[in-house]
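# Geometric and topological summary
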Amino acid sequence: MLVVGEVVTDVVARHRGPLAAGTDTAATVRTVPGGAGANVACWAVHEGCADVRLLGRVGLDAAEWHERELTASGVRPLLVTDPEAPTGTVICLVDSGASAERTFLTDSGASLRLAPDDWSPALLDGVARLHLSGYLFFSGSGRALVSVVLESARARGVPVSLDPASAGFLTELGVDRFLDLCAGVDVLLPSRDEACLLTGLPDPADAAAKLSRHFPLVVAKLGSDGALVARSGSVRARVPALRATPRDTTGAGDAFTGAFLTALLGGAGPEEAARVGCAAGARAVERVGGRPPAAHTRRDEGGSRAH
C-alpha cells in the first residue's frame, strides 16, 4: 500500500470542561507524531499490511524525528524535506470528558507544499492500493499532485481510495470542485459531516447512498454510530461501532481507514472490512494521539499479510 498524505506534529492538550477565555485552563499536554496520511499508514501496518509506504513532505526542523517514528511503526517513509517551510503542526484541544471530542488548530506547513515534482510513477512499483489524504486537495500544488497521481494510478490499474479529511477545508474549496478532482477514485471514506456536506443532505445514510452514485464504493464513518457501506446508490450495510471508553478521538477515522484498507487487501468484503475498521477505531479512541502502539505490538497472528 502507498499512502500519499501529510506528516505533522500533533500537540495534544487534554482539558476537562470548557476553555476559560482570558485565563488559564488546566490541561495535560503531549507532543506526538501525527498527520492523517501518516496515521493511516501506521494503522495499516498495525493491522497486518506487510509493506506500507508513505509519501509526505516535512520541514528540516523535524524530518529526522518523523522518519524515526514512522520507521519504528513499520512504515517505509518516503519523506521529502522542505528547505523553506517547517513541518506542519496541529494543536489538538481534547475535552477529557465523556465524549473526548477534539478541536484542531492547524498549521499545515510543509505538508501543503507536496507537489508533482515529488512524484514518480515508479513509486507505484509493487503497490496493490493507493490511498490519498484529502488534505492534498487544499493547496494548488497538492491538487496538481493529485491529478498526476491519479493519472499514474489509472495507467497502472492501481485502485485508489480517498478520505476527504476536513469538512471545514471542503467548505473553503467548494463541493463541486472537490468532486471534479476526485474522478478515478474507487473508494471514498468520508466522515458523517463530510458526507452530508458533499451532498447537501442531512441524513448520513441518504448522503452515503447519493455519493455511491459517483464512487463505486462509499464507506461513511459515523464515530460512535459505526459505519455505513453504500454501493450503486443504496446503503448495503450498517456496521455498529464497538463499545469503547474514549480518551482522545484524534485519529479514530484514520485508524478505521488503515484497518479497512488492509482488510480489503487481505480479501475481505466491504462489510467485513468495515467491521475491522470499527474495531480499530474503538481501540484508537482509548489512546492519546492518532497512532497505534509501536510496531512490535501490532497484530500478527499468522495467515497471509497484505501488501
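You'll find the structure just up there.
Residues numbered from 1 in each chain as written. Predicted model: local features only at pLDDT ≥ 70, side-chain atom pairs only at ≥ 80, totals over all residues. Heavy atoms only, no water.

Next up on the list: the overall build of the chain. When you go through the chain residue by residue, the secondary structure sums to nine helices and 13 strands. The C-alpha atoms of the chain give a radius of gyration of 18 Å, which matches the 19 Å a tight globule of 307 residues would have. Summarising its shape, the C-alpha atoms of the chain cover approximately 55 × 45 × 45 Å along the three principal directions. Counting over 307 residues, the chain shows a buried share of 55%. (Helix = DSSP H or I, 4+ residues; strand = E, 2+ residues; numbered from the N terminus. Rg over C-alpha atoms; globule rule 2.2 N^0.38 Å. Buried < 20%, exposed > 50% of the residue type's maximum accessible area, 1.4 Å probe, protein only.)

If you walk through the whole model with that rule in mind, you get five aromatic pairs. Where F138 meets F169, the ring centres are 5.2 Å apart and the plane angle is 55 degrees; that geometry is what we call tilted. Highlighted residues: F138 in the loop between β8 (130–133) and α3 (140–156) and F169 in helix α4 (residues 167–173), separated in sequence by 31 residues. According to the relative accessible area criterion, F138 is buried, its value standing at 16%. Taking the centre distance of 5.9 Å and the plane angle of 10 degrees together, the rings of F256 and F260 count as stacked. Of the two residues, F256 and F260 are both situated in helix α8 (residues 252–265); the distance of four residues between them amounts to about one turn of the helix. (Phe/Tyr/Trp six-rings, centres within 6.5 Å; stacked < 30°, edge-to-face > 60°.)

Contact geometry of helix α1 (residues 36–46) with α8 gives a least axis separation of 7 Å together with a crossing angle of 45 degrees. Here α1 is positioned oblique relative to α8, judged by the angle of their axes. As for how α1 packs across α8, the hand of that crossing is right-handed. On the side of α1, the interface is formed by A36, N39, V40, W43 and A44, while α8 contributes D254, A255, T257, G258 and T262. (Axes fitted to C-alpha atoms, helices over the stretch in contact; angles between N-to-C directions. Parallel < 35°, antiparallel > 145°, perpendicular 65-115°, else oblique. Left-handed = near helix turned anticlockwise from the far one by under 90°. Contact = heavy atoms within 4.5 Å.)

Here we come to the sheet that holds strand β9 (residues 160–163). The strand order β5-β4-β1-β8-β9-β10-β11-β12-β13 describes an open sheet built from nine strands, whose pairing is mixed. Where the open sheet ends on each side, the last strands, each with one partner, are β5 (76–82) and β13 (234–239). Where strand β1 (residues 2–4) and β8 come together, three bridges link them in parallel fashion. Counterpart to V3 in the pairing with β8 is H131. Together, β8, β9, β10 (187–188), β11 (217–221) and β12 (227–231) form the strand contacts of α8, whose direction differs from that of β11 by roughly 145 degrees. (Pairing = 2+ DSSP bridges.)

A few words now on the nonpolar core. Of all hydrophobic cores here, the largest spans 42 residues; its most connected members are V4, W119, L130, L132 and F137. Element by element, the count of residues in this core is highest for α3, at five residues. Not counting chain neighbours up to four residues away, the residues in contact with L132 comprise V4, V146, V149, L150, V160, S161, L162 and D163. Counting residues in each nonpolar core, the second largest holds 39 residues, with C42, V75, V187 and A280 among its members. (Core = buried A, V, L, I, M, F, W, Y, C linked by side-chain atoms within 4.5 Å.)

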